[in-house]
Amino acid sequence: MQGVVVNLATGKASVEYDPAQVSLTAMKKAVDEAGYEAVLSTAHLNITGMTCASCVEHVQKAVTDLPGVTKAVVNLATESAKIEYEPSITSLSEIKKAIKDIGYEAAERTEGQEALDREQEARRRDVRRQLINLIVAGTLGTLVMLGMLQPYGFFSGFVPAWLNNKVVLFFLTTPVVFGPGRQFFINSWNGLRRGLTDMNLLYATGIGAAYAIAVLNTFWPDAGFGGKEATFYEAAALLTAFIILGRYLEAVTRGRTSQAIRRLMKLQPKRARVLRDGQEVEIPAEEVQIDDLLSVRPGEVIAVDGVVQDGYSSVDQSMITGESIPVEKKAGDEVIGGTINKTGAFKFRATRVGKDTALAQIIKLVEDAQTTKAPIQKIADRVAGHFILGVHILALLTFLFWFFVGFGLWFTPESTLVLTPYHLTAVGAFGFALLVSVTVLVISCPCALGLATPSAIMAGSGKGAEYGILFKGADAMEGTARLDAVIFDKTGTLTKGEPSVTDVLAAGKLTQNEVLQLAAVAEKNSEHPLGEAIVRGARERGLEPEDALSFNAIPGHGVEARLNGRAILLGNRKLMAERKVTFDSLLSEAERLENEGKTAMF
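As the structure is a prediction and not an experimental result, all values here were calculated from the model. (Residues numbered from 1 in each chain as written. Predicted model: local features only at pLDDT ≥ 70, side-chain atom pairs only at ≥ 80, totals over all residues. Heavy atoms only, no water.)

Enquirer: Any chance you could explain the packing of aromatic side chains here in plain terms?
Expert: Aromatic ring pairs are defined here through the distance separating the ring centres and the angle between the ring planes. Throughout the structure, instances matching the rule amount to 18 aromatic pairs. With a centroid separation of 5.7 Å and 5 degrees between ring planes, the pair formed by F399 and F403 is classed as stacked. Of the two residues, F399 and F403 are both situated in helix α13 (residues 387–410); the distance of four residues between them amounts to about one turn of the helix. The partly exposed category is assigned to F403, whose relative accessible area is 32%. Between W402 and F432, the aromatic rings sit 5.3 Å apart at their centres with planes inclined by 75 degrees, giving edge-to-face as the arrangement. A residue pair is termed long-range when its members are at least 10 positions apart, and W402 in helix α13 and F432 in helix α14 (residues 428–443) qualify at 30 residues. With a relative accessible area of 11%, F432 lands in the buried category. An aromatic cluster is present here, built from F170, F171, F178, F185, Y211, F219 and W220 joined pairwise through their rings. (Phe/Tyr/Trp six-rings, centres within 6.5 Å; stacked < 30°, edge-to-face > 60°. Helix = DSSP H or I, 4+ residues; strand = E, 2+ residues; numbered from the N terminus. Buried < 20%, exposed > 50% of the residue type's maximum accessible area, 1.4 Å probe, protein only.)

Enquirer: Which parts of the structure should I look at to understand helix α3 (residues 92–101)?
Expert: One turn of the α-helix equals 3.6 residues, which is why residues spaced by three or four share an orientation. Among the residues of α3, L92, I95, A98 and I99 are the ones counted as buried. Relative to the axis of α3, the buried residues are bounded by an arc of 120 degrees and lie together on one face. Among the structural elements, β3 (41–48), α2 (53–64), β4 (69–75), β5 (80–85) and β6 (105–108) are those in contact with the buried residues of α3. (Arc of directions from axis to C-beta. Contact = heavy atoms within 4.5 Å.)

Enquirer: Teacher, can you tell me more about the nonpolar core here?
Expert: Looking at soluble globular proteins, one finds that nonpolar side chains tend to be buried together. In this structure, I47, M50, V59, I83, I95 and I99 are the most contacted members of the largest nonpolar core, which totals 64 residues. Ranked by the residues each element gives to this core, the list is headed by helix α7 (residues 199–219), at 10 residues. Per-domain counts for this core show at least three residues from each of domain 1 (3–110) and domain 2 (118–262 + 382–452). Each residue touching I47, except ones within four places of it in the same chain, is listed here: V59, E79, S80, A81, I99, Y104, E105 and A106. (Core = buried A, V, L, I, M, F, W, Y, C linked by side-chain atoms within 4.5 Å. Domains from an automatic or database assignment.)

Enquirer: What am I meant to see in the sheet that holds β5 here?
Expert: Each strand in a sheet pairs with its neighbour through backbone hydrogen bonds, running either in the same direction (parallel) or in the opposite one (antiparallel). Taken together, the four strands give an open sheet; going across it, the order is β4-β5-β3-β6, and neighbouring strands pair in antiparallel fashion. Single-partner strands in this sheet number two, and they are β4 and β6. Along the sheet, successive strands turn relative to each other by an average axial angle of 25 degrees, direction set aside. Here β4 pairs with β5 via six bridges, running antiparallel. When the bridges of β5 are listed, V74 appears paired with A81. (Pairing = 2+ DSSP bridges. Axes fitted to C-alpha atoms, helices over the stretch in contact; angles between N-to-C directions.)

Enquirer: Explain the packing of helix α5 (residues 166–178) against α7 here, please?
Expert: The geometry of a pair of packed helices is captured by two quantities: the angle between their axes and the separation between those axes. Axis separation between α5 and α7 bottoms out at 11 Å; the angle between their running directions is 155 degrees. Overall, the two elements α5 and α7 adopt an arrangement that is roughly antiparallel. Once α5 is placed against α7, the crossing between them reads as left-handed. Residue-level inspection shows K166, V167, F170, T173, T174, V177 and F178 of α5 in contact with α7, the latter providing I207, Y211, V215, T218 and F219. For the contact of α5 with α7, a count of residues per class yields eight nonpolar, three polar and one charged. (Parallel < 35°, antiparallel > 145°, perpendicular 65-115°, else oblique. Left-handed = near helix turned anticlockwise from the far one by under 90°. Nonpolar A, V, L, I, M, F, W, Y, C, P; charged D, E, K, R; others polar.)

Enquirer: How do you make sense of a nonpolar patch on the surface when you look at a structure like this?
Expert: Judged by side-chain polarity, L389, I393, L396, L397, L400, F401, F403, F404, V405, L409 and W410 come together as a nonpolar surface patch covering roughly 1,100 Å² of accessible area. Of note, L397 is situated in helix α13. (Patch = residues over 30% accessible without salt bridge, like charges linked within 9 Å, V, L, I, M, F, W, Y side chains within 5 Å. Areas by Shrake-Rupley, 256 points an atom, 1.4 Å probe, with all protein chains shown as cover. Salt bridge = Lys/Arg side-chain N within 4 Å of Asp/Glu carboxyl O.)

Enquirer: Is there a simple way to think about the packing of α13 against α14 in this case?
Expert: Packing of α13 against α14 brings their axes to within 8 Å, and their N-to-C directions diverge by 155 degrees. By the angle between their axes, α13 is roughly antiparallel relative to α14. The chirality of how α13 crosses α14 is right-handed. Residues V391, H392, L394, A395, T398, F399, W402, F403 and F407 of α13 form the contact with α14, whose participating residues are G428, A429, F430, F432, A433, L434, V436, S437, V440 and L441. Of the residues assigned to the contact of α13 with α14, the class counts are 15 nonpolar, four polar and no charged.

Enquirer: When you look at the pattern of salt bridges in this model, what are you seeing that I'm missing?
Expert: Pairs can form between side chains of opposite charge once their charged atoms are near each other. By the definition in use, this model includes 18 salt bridges. Note that D65 is salt-bridged to K61, the shortest N-O span being 3.0 Å. Taken as a pair, D65 and K61 share a single burial class, namely exposed. If you follow the salt bridges from partner to partner, you end up with D503, E589, R592, E596 and K598 in one network.

Enquirer: Would you mind going over unusual backbone geometry with me for this structure?
Expert: Residues apart from glycine generally show negative phi values, whereas peptide bonds are mostly found in trans. Of note in this structure, D291 is not a glycine but carries a positive phi near 80 degrees. Note that D291 resides in the loop between β8 (279–284) and β9 (293–296). The residue K580 is not glycine, and still its phi comes out positive at about 55 degrees. Along the chain, K580 falls in the loop between α19 (573–578) and α20 (584–595).

Enquirer: Help me out: how do you make sense of the pairing of strand β11 (residues 313–316) in this one?
Expert: A regular strand places its side chains on the two faces of the sheet in alternate fashion. Side-chain alternation along β11 places S313 and V315 on one buried face and S314 and D316 on a second face that is also buried. Note that β11 and strand β12 (residues 327–329) share three bridges and pair antiparallel. Across the sheet, V315 pairs through a bridge with V327, a residue of β12. Both β11 and strand β14 (residues 340–341) contribute to a ladder of two bridges, which runs antiparallel. Residue V315 lies in a different strand from β14, and its bridge partner there is N341.

Enquirer: Explain the sheet that holds β14 here, please?
Expert: Pairing within the open sheet is antiparallel, and its three strands lie in the order β12-β11-β14. A single partner strand is all that each edge strand has here, and the edge strands are β12 and β14.

Structural measurements only, silent on function.
In structure tokens:
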């Protein structure tokens, strides 16, 4: 360290240091350990071109090797990266250039519905491209397989003999290898010229070896590579088709990653009614400013977070709190953007708008959870990232062993390939050794290792958000596997989502059915969920409520109605106390029911 200047007013520190002696990460850790927090810039990037866990390892290494970067988390399933860095040391453009230099594309991640739409369109294009590749490779690969099987069994009865011609098979296989399979060779070359290896190299080596030997043995059968019988065109064609199938399924899986966020986005209101110069003006919700006065009518979605200034209503906040009963709102109460106004109209002043609203913070929480890595994923990425070179070495050793030792000691002339007509004697030592080594290359691809965990995180966080369960990160989600007890913090949250009548208590000469029917008469014209539950409960018991002669809703208290000369009063304890109605004989029972999490109506 050469010098440190800390400015209390700005909360910033200027440090002169030797990068060879100390890293930015070490300095940040020292500040954190001293009891303060060193805040760095965070960048969210979309990364395209990643196909496997080793790609993730390459991007992370390229970014974290930059001097101003302290942390990089790259997610294969979402094709995104979250990077902590110091802009005065390394700029965002330098980070994107480092990613581009190793063969991938990086762009800043935008927010909101527009960003999701662009992402969905990019996913759709990728799915369409891989589907076309799959159709081409699958169709031609099937023809090649039928051609190779033509001389054998019942295939000779319906497959024409010309399809077994090696030159015909060459012309059928070549479009597969250099059409749909071209992406593997291009990506492998882009990686190799920068000193990187990835899953594409395994594919290119396996497909290329099978195709090259087939071509050599078709046009130069005496070149010493197994002879005319060692033409594994079907291996090259079908291997390409199966890998493309995997790519297509991956593309479809990734295309679903934003669905949880998209569902949450749909909860955000699109329009807001703002009071400007005494007039109501309807504007896009994202244009609402702090301290704007907004008007909300019954049935409308509240645009942003705020505080009620005038009016009275009940608001359905179940999407935030899980409470099935709407919450009554009056002047001074807070309202949450995205919740639904049920009965009355009111005006409120905006306190949090845009990305600061509660719903926007929930969306951000889901996005952050989807970009984090579970501890087990870090291990999987580390293994997969160093796996490629080991597989190629193993494949080479396999070839050398079977070519020089194994073929002479253990090979039996009766050996055949499963589900094929080949007797392997004809391919010779070279052809057999090549076949076994290509098999090692193909079956060793750890694609599932790199994609399984992020895909599970995406599915889990998405399904959780759908049911109102939010995870702060992948580590929290992984931790749920070790749970054996769950504690909920209040009564009445675990419900069906709508109230229902559970108990009816009668006093005096009235029966339970008479009490319920009178209550249903009073609530028949009410829009309150408790009133709707009472009417529904009466009808379930075969009691059809009559129409009241008069009806009056008393905000925050209950309702009053008249029927056949009788006055009906229905509501909470406040209403009964104001009207001097006593119910001492039922008070103990009411308290018992309330202690069970039920709402008592009198």
